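Read off the chains here:
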Amino acid sequence: MNMAQVITILISTIFIENIILSQFLGICSFLGVSKKRSSAIGMSISVLVVIILATLVTWLLYNYVLVVFDLVYLKTIIFILVIASLVQIIEIIIKKFAPSLYKSLGIYLPLITTNCAILGIALKTVNYGYGFGTMLLYAIGSGIGYFVVMYIFSVIREELEQRNLPKAMKGIPIALVVASILAILFSRYVGIAPKVEDEEEALRETYVIENDIVEDENIIYYDHNYEDLNI
Amino acid sequence: MEKYLVIKGPYLRSADITKRNTSTIMRDVLIALLPSIAFAIYKNVVLVLINGIYSSIYHAIYPIITLILAPLTSLICEAISLWVMKKRGIKTFKDLVEELKVSYGIFPGLFIVLISPTYIPLWVLLVSVAVGEVVGKMLFGGFGQNIFNPALVGRAFMAFTFSSHLGDAYLTSYELTIDAYSAATPLTSYAKAGAASIDIVNNYGGMFNLLIGNYPGALGETSTIAILIGAIYLIIKDVIDWRIPVVYLGTMFFITMIIGFIMGQGLWFPLFQILTGGVAFGAVFMATEPVTSPKTHLGRIMYALLLGELTVLFRLVGNMPEGVATSIVTMNIVGLMINKYVTKLRVEDKLTKKNCYGLVIFLVFFVLLFVYDVVMGVK
Amino acid sequence: MKKRPMPEVHIEGFKEMSINGKTLEYLSPKSVFLPTNFPSELSVLVKPGVRVLMGQKIMIKEGRFGYPILSPISGTVKETIRKWHPSNKMIPMIEIENDFKEELVDTFKNLNPEKMTKDDLVNVMKDSGLLGMGGAGFPTYAKYETDKPVDQVIINLAECEPFITCDYTYVLNYPNELIFGLKYMIKASNAKSGVIALKNKEINNKLIDILMPLLENNMSLFLLNDVYPAGWERYVIEKVTGKSYGVLPIEAGVIVNNATTAITFGRLLKEGLVPSCKYMTVTGDAMSECGNVLMKFGTSVHELLDLFNNVKEDVDKEKTLMICGGPMTGNAMFSGDFVTTPTLGSVIALRQEQYIGRRYPHCLGCGTCAKHCPVNLSPYQIRRTLRSGDVDELIALGITKCIQCGQCSYVCPSHVELTSDMLIARDLVRKMKR
Amino acid sequence: MKDNFLKGFFKENPLFTMLLGCCPALAVTTTVENAIGMTLAFTFVVVLSNLFISLININEKIKELIQPVRIAVYIVIIATLVTVVEMLMEAYFPSLYSSLGVFISLITVNCIVLGRAEAYASKNKPLNSIVDGLSMGLGYGMAIIMIAFLREVLGAGSITIWGSAKLSLIPVFNFLRIEPISFFVSSPGAFLVLGLILGVIQAINNKKVLKNKNKRQSKKEVK
């Protein structure tokens, strides 16, 4: 894996296929915790750490235990248990060795167990059969993507708090509208990454098409019906 | 006992004494747009009619129709949303009219039509205008409350949703007959070309023609001269700060010059980048929008520097024709952070260890983006 | 980083209106009213029914920087009544009915300033209850009771607020007293020199011509730019001496006094006239006539307005402002029936018919207010932060530095009421800090 | 019982009033078909998890025993049920399974399921819990089918369920000489549609609050 690939995967996971704005993972925490900048930073740092560790552990567990013993169908149960215990362990460690950090991050850690971003990324990496390096980059990129969006979003929401919004749009509705504009914006970043041709990259490409429920399928729908009617 | 009026002071307003208020500022913006609009009509309607190459009269005067309908749609959307939301105590129809006078509803529509391809289908244009107006402006509370530039929200929506309609909508029917225009706009030609060469400029009639603006492009964006006239008017009238356009264009020029030198090209390369693709229009009318740009001199310079780098990034690396719009919307967000930081810096009035973190982060980002631009922009 | 120069904005003066009007003296009002709890609770020394002389102590403000309040006229003390005060509140006031005898107390008769020492002069200031008549009403002796070395005494004649010409008129009519007062202010502070700072504008040429020949060799004139807020102490000191300071002007070795204060001091030493009168400007487009009037403190404004034929008859009072003080920092009064104080410089009646019911745009955050703020704040941002009620953020934005000059509202192209929001924010922060 | 069943649709709709389960509501609402599939899977899980959890909690001894680790126990039950659903769908509706993707598995961490288990099922009888689960599942389903309907109609111009077009608005679009706006089936469209729907709901609520206030005020005045 060379530098260009690393940058491509990172930019792609941070912006274009952002974990929140394009993959719809972790929306609850995104809407719930992004009201203040400090809490958004606390939450997203916790998520960043947990997402990397959890993906790493579950990937190893999946590929070297579940596959070997043919227990793949149990992955959801195993993964959620692993994540829950991981969060517990991290909490205990932080509490013991960095109490001040625990004070600022502690309240967010229990929330993370039920944050679908963690389980979602863990499941996605094994579902699409990523290699070790890709998996790690994917997890790091997703975590940073989560951080970037949470930070931007908390800045915007703090600003929105000071604007004269219509009463009906205050709070969550306007946040979703902003998310929509951000999603348009981030999807326009296509192409700023270096172009690479590689097997692993091709793998990602197929994944992108598969998961992009958006346009292709529906354009086919539409054309199909359109022709029918013209006959 | 006699009763006098009791309101809060101060009781003198320069807006009343000098007759320079928000309405006159907006009128000045409209006046500054006139050269661009006039040139757009000249290039897209008068020239086509003179050359006599058009399929129908509707097609020939289509740019005028869009120039009228888009601001109108925007105004109607504004009126409807104001009426539905009942903001600021609007109860009767008279209130609504009075409110429309001070909410300047035509501007998003006007800007969208000026930065869109000329022959875009009418419904695509109007839907984009409605989205820009309602989603970009009214949902945030109307004039002055928006976080993003409404016109650019509409433009980004158009580029995102209707990308299939945009490609060949730039050319007038007269321009369609010219073989030299291998692709729609100079920028798309550059994106398609394997390597940079001065042929691109020559195909579009040389550098002077690019300056005048007689080449395919969005309605109001092509003529740099007309935009420049408007810019000078706005700067003289103190409506916009000269720092943003000057620093923005300067940054773009500098970076593309370095990229051009690395590629072994002359000065034509940075000039070509600045004269095409609506950079001048974005620099003068979009990036300087008072609502969304930072308010202090330092903040504006930081904003314009990053804006220039981002535009180069989206242009040369991302191969996106509407790189200006994307970079300005991105900077609307970054601008919030910059503004927050420089406002506090201004209050403290001196740089200490404690409050220099923002400048450090800015410099790191600036250098990183600069290196990335130069490394990736070379073809 | 170099300190940012203060933004300088010229604002329209409207001073010709009252300068070209008439100049009157009205030193025998029917009665005067002295507030008993402004700025804080005062202890009253006289009982109703007693006859007092002009210059007799009526009340004393106790505590730090305490000062006596003297009767401006001779007459009989009446029952305490409630009247409107320029701070737009109903306040209990002592009424003194004039007996038109103008009998002075003996204390200040036959003062011999030539022989007085610094301490003597400061004591005279203290005993006479001399207040700064520029606006804040701070007792003058407090500035002179200092151990720090004083370089200069600056007489502030800037009068930066539009419409007001009371200092101008007083100096025009009593130039000798100004110089006399300044001379002994220099003596009282052991300063090296005295400076009279006034604005560089056309109407001041007349003053300069009069004052120039009178100046003594340690005195000079200083011309300020015609900007707002040129009369702000900090601005005057920065322009005259080039120094900036922390809290008090004395840190820069400077004492600043208003011109009216200096004239009052001069007249006190020269004629033995206790601080009891000053010029007040009556102007505005709703007044029948404009001009200045020399009046006693505590006169009812009704009587003064009558001297100028009152408010025009065709004026709808509910659409007219009765401003007491300058148009930038003053208050709109609910009624014209209030009393004057030593710090009141003007009463302005302005027509507002054309502005009522107009719809203005939202604040669009253009930053004009921030560009013009003399203390480098960002009023639009403070206004927005006030909406979210974040006190820490307000402090970070420097709201405590606000001087309430009104500049932000003045320059706003959208007629946003920034100054009152700044006041609300400042009060909120003060309340939360406690 | 009737109230218990109806509450999930309007009064306590998990999506519209409590903003729970936003992730699938945005991700799987591109087509009505996906939304219906999600509703079925979701209702299955929430009903059964409610049932099992209320059964566990009937016995006081077991209730006390699992008290400290109850959340973990609940999650294991839910995850097991989700695995069952996954296997069923993979076997019988493979295309639906692949288009719903990871979001079937993510029902495990859906706040609604765990929330109902903790707030309702652990305190109520099995029958009530089943009704509660049905109400929540179908209420949530109603919400996401509504969103999916809007998005598919505007974005694709027709509603397609299991291969055959049931409702087509293409003639209308043709008549107006416009095309469906594919924006609405894309991810930004999902945010915008949900945001606007929530805005409308908030506006209605605001009006109700205002009305109640006015009523109260007028009552006071009468008194």
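Computed from a predicted model, the values in this text were never measured in an experiment.

What is the right way to look at the overall build of chain A in this model?
Summing up its helical and strand segments, chain A has 11 helices and zero strands in all. Along chain A, from the amino end to the carboxyl end, the secondary structure elements read α-α-α-α-α-α-α-α-α-α-α. Taken over 231 residues, chain A has a buried fraction of 54%. Of the roughly 9,700 Å² of accessible surface on chain A, 65% is carried by carbon and sulfur atoms.

Can you walk me through the interface of chain A and chain D in this structure?
One widely used convention gives an interface's size as the accessible area the parts lose upon coming together. Chain A puts 45 residues into the contact, and the matching count from chain D is 48 residues. With both sides pooled, the region where chain A packs onto chain D buries about 4,000 Å², and carbon together with sulfur makes up 76% of that total. At the junction of chain A with chain D, the criterion picks out zero salt bridges. The interface formed by chain A and chain D holds five residue pairs in polar contact (both at pLDDT 80 or more) in total. If you list the elements that add at least two residues to the side of chain A that touches chain D, you get helix 2 (27-33), helix 4 (75-97), helix 7 (116-127), helix 9 (172-187) and helix 11 (215-230) of chain A.

I keep staring at the nonpolar core and nothing clicks. Help me out?
The tendency in soluble globular proteins is for nonpolar side chains to be buried side by side. Ranked by internal contacts, the top residues of the largest apolar core, which has 228 residues, are Phe-148 of chain B together with Leu-15 and Phe-191 of chain D. Take this core: its biggest share by element is 13 residues, from helix 9 of chain A. The residues touching Phe-191 of chain D, leaving out its near neighbours within four places in the chain, are Ile-20, Leu-21, Phe-24, Ile-27, Phe-30, Leu-176, Ala-179, Ser-180 and Ala-183 of chain A together with Leu-26 of chain D. Counting residues in hydrophobic clusters, the runner-up holds 67 residues, among them Phe-108, Cys-166, Tyr-174 and Phe-265 of chain C.

Please clarify how the packing of aromatic side chains should be interpreted in this entry.
Residues and elements named next belong to chain C. Scanning the model with the defined rule gives 38 aromatic pairs over all chains in all. Seen from their ring centres, Phe-65 and Phe-138 are 5.3 Å apart, and the 70° between their planes marks the pair as edge-to-face. With a gap of 73 residues between them, Phe-65 in the loop between strand 5 (57-61) and strand 6 (67-70) and Phe-138 in the loop between helix 2 (118-127) and helix 3 (141-144) connect regions that are remote in the sequence. On the accessibility criterion, Phe-138 (37% relative accessible area) is partly exposed. Here Lys-83 stacks its cationic end above the ring of Phe-33, 4.4 Å away from the centre of that ring.

What is the right way to look at the sheet that holds strand 14 (residues 291-296) of chain C in this model?
For sheets, the rule is that strands pair by backbone hydrogen bonds, running either parallel or antiparallel. Residues and elements named next belong to chain C. Read from one edge of the open sheet, six strands run 1-14-13-17-15-16, paired in mixed fashion. Since the sheet does not close on itself, it has two edges, and those belong to strand 1 (22-26) and strand 16 (331-332), each with one partner. The sheet contact formed by strand 15 (residues 320-324) and strand 17 (residues 346-351) spans five bridges and is antiparallel. In the sheet register, Met-322 faces strand 17, and the bridge partner there is Ala-349. Against the sheet, helix 4 (residues 166-173) touches strand 1, strand 13 (277-283) and strand 14, its axis set at about 130° to strand 13.

I'm lost on the arrangement of the chains in this one. Help?
Pairwise contact counts over the five pairs of chains in contact peak for chains B and C. You won't find any contact between chain C and chain D; their C-alpha atoms come no closer than 20 Å.

Would you take a moment to explain the sheet that holds strand 4 (residues 51-52) of chain C for this structure?
Residue and element names in this part refer to chain C. On the basis of which strands lie adjacent, the open sheet formed by four strands has the order 2-8-7-4 and antiparallel pairing. Of all the strands in the sheet, the pair left with one neighbour each is strand 2 (31-35) and strand 4. Two strands pair when backbone bridges link them, and strand 2 and strand 8 (residues 89-98) are joined in this way by five bridges, in the antiparallel orientation. Counted as the bridge partner of Pro-35 is Met-93 from strand 8.

How should I be thinking about the interface of chain C and chain B in this particular structure?
At the interface, 68 residues of chain C touch 47 residues of chain B. Summing the contributions of chain C and of chain B, the shared interface buries around 5,100 Å²; its carbon and sulfur component is 54%. Of all residues in chain C, the largest losses of buried area upon contact with chain B belong to Arg-359, His-362 and Leu-364 of chain C, amounting jointly to 16% of the total for that side. Scanning the region where chain C abuts chain B turns up four salt bridges. The residue Glu-99 of chain B makes a salt bridge to Arg-359 of chain C at a minimum N-O spacing of 2.6 Å.

Is there a simple way to think about helix 13 (residues 224-236) of chain B in this case?
For an α-helix, 3.6 residues make a turn, and residues three or four places apart therefore share a direction. Residues and elements named next belong to chain B. Helix length check: helix 13, at 13 residues, gives a terminal C-alpha distance of 18 Å against a target of 18 Å (1.5 Å per residue), a fit within 8%. Turning to helix 13, its buried residues are Thr-224, Ala-226, Ile-227, Gly-230, Ala-231 and Leu-234. Down the axis of helix 13, the sector holding all buried residues measures 160°, keeping them to one side. Phi turns positive, to about 60°, at Asp-238, one or two residues after helix 13.

Hey, could you run me through the pattern of salt bridges in this one?
Two side chains with opposite charge may pair up if their charged atoms get near one another. This model, assessed by the stated rule, comprises 30 salt bridges over all chains. A salt bridge links Glu-417 of chain C to Arg-13 of chain B, with the nearest nitrogen and oxygen atoms 3.0 Å apart. Of this pair, Glu-417 of chain C sits in the loop between helix 13 (407-411) and helix 14 (418-433) while Arg-13 of chain B sits in the segment before helix 1 (14-17), on two different chains. Given a relative accessible area of 6%, Arg-13 of chain B falls into the buried group. Here Lys-78 of chain C and Glu-97 of chain C are joined by a salt bridge, their closest N and O atoms 3.3 Å apart. One end of the pair, Lys-78 of chain C, is in strand 7 (residues 75-85); the other, Glu-97 of chain C, is in strand 8, with 19 residues separating them in the sequence. Classification of Lys-78 of chain C by relative accessible area gives partly exposed; the value is 33%. In the salt-bridge network here, residues are joined through shared partners; they are Arg-37 and Glu-158 of chain A together with Lys-340 of chain B.

How should a positive patch on the surface be read in this particular structure?
A cluster of basic side chains, namely Lys-167 and Lys-170 of chain A, Lys-86 of chain B, Arg-387 of chain C together with Lys-207, Lys-211, Lys-213, Lys-215, Arg-216, Lys-219 and Lys-220 of chain D, defines a positive patch on the protein surface. With respect to the secondary-structure elements, Lys-219 of chain D resides in helix 10 (residues 187-222). For Lys-219 of chain D, a relative accessible area of 58% gives the class exposed.

Explain the pairing of strand 5 of chain C to me, please; I cannot follow it from the model alone.
On any regular strand, side chains alternate: one points to one face of the sheet, the next to the other face. Residue and element names in this part refer to chain C. Across two bridges, the pairing between strand 3 (residues 43-44) and strand 5 is antiparallel. Each bridged residue has a counterpart across the sheet, and for Val-44 the counterpart in strand 5 is Met-59. As judged from the four bridges shared by strand 5 and strand 6, these two strands associate in the antiparallel manner. Looking across to strand 6, one finds that Ile-60 is bridged to Pro-68. As consecutive antiparallel partners, strand 5 and strand 6 are separated by five residues, and within that stretch Gly-63 has a phi angle of approximately 90°, a positive value.

What's the story with the domain arrangement of chain B in this structure? I'm lost.
Residue and element names in this part refer to chain B. Assigned domains within chain B: domain 1 (21-164) and domain 2 (182-215 + 240-377). The gap between the C-alpha centroids of domain 1 and domain 2 is 25 Å. Taken together, the 20 residues of domain 1 in the interface contact 17 residues of domain 2. Of the roughly 1,600 Å² buried at the junction of domain 1 and domain 2 (both faces included), carbon and sulfur atoms supply 74%. For domain 1, the biggest contributors to the area lost against domain 2 are Ile-147, Asn-149 and Leu-152; these three give 31% of the whole. For the pair domain 1 and domain 2, the interface holds zero salt bridges. Applying the counting rule to domain 1 against domain 2 returns two residue pairs in polar contact (both at pLDDT 80 or more). Counting only elements with at least two residues in the side of domain 1 that touches domain 2, the list comes to helix 2 (22-51), helix 6 (106-114) and helix 8 (150-161).

Can you help me understand the packing of helix 9 of chain A against helix 8 of chain B in this one?
A packed helix pair is summarised by two numbers, namely the angle formed by the two axes and the spacing between the axes. For the pair helix 9 of chain A and helix 8 of chain B, interaxial distance at closest approach is 10 Å and the crossing angle is 55°. The orientation of helix 9 of chain A relative to helix 8 of chain B falls into the category oblique. Crossing angle aside, the handedness with which helix 9 of chain A passes helix 8 of chain B is left-handed. Residue-level inspection shows Ile-181, Ile-184 and Ser-187 of chain A of helix 9 of chain A in contact with helix 8 of chain B, the latter providing Val-153, Ala-156, Phe-157 and Phe-160 of chain B. Grouping the constituent residues of the contact of helix 9 of chain A with helix 8 of chain B by class yields six nonpolar, one polar and no charged.

Cut-off values and rules
Residues numbered from 1 in each chain as written. Chains lettered and ligands numbered in written order. Predicted model: local features only at pLDDT ≥ 70, side-chain atom pairs only at ≥ 80, totals over all residues. Heavy atoms only, no water. Helix = DSSP H or I, 4+ residues; strand = E, 2+ residues; numbered from the N terminus. Buried < 20%, exposed > 50% of the residue type's maximum accessible area, 1.4 Å probe, protein only. Areas by Shrake-Rupley, 256 points an atom, 1.4 Å probe, with all protein chains shown as cover. Contact = heavy atoms within 4.5 Å. Buried area = accessible area lost by both parts, 1.4 Å probe. Salt bridge = Lys/Arg side-chain N within 4 Å of Asp/Glu carboxyl O. Polar contact = N/O pair within 3.5 Å; in protein donor to acceptor, adjacent residues only side chain to side chain. Core = buried A, V, L, I, M, F, W, Y, C linked by side-chain atoms within 4.5 Å. Phe/Tyr/Trp six-rings, centres within 6.5 Å; stacked < 30°, edge-to-face > 60°. Lys NZ or Arg CZ within 6 Å of the ring centre and 35° of its normal. Pairing = 2+ DSSP bridges. Axes fitted to C-alpha atoms, helices over the stretch in contact; angles between N-to-C directions. Expected span 1.5 Å × (residues − 1). Arc of directions from axis to C-beta. Patch = residues over 30% accessible without salt bridge, like charges linked within 9 Å, V, L, I, M, F, W, Y side chains within 5 Å. Lys, Arg positive; Asp, Glu negative; His and termini not counted. Charge placed at Lys NZ, Arg CZ, Asp CG, Glu CD. Domains from an automatic or database assignment. Parallel < 35°, antiparallel > 145°, perpendicular 65-115°, else oblique. Left-handed = near helix turned anticlockwise from the far one by under 90°. Nonpolar A, V, L, I, M, F, W, Y, C, P; charged D, E, K, R; others polar.

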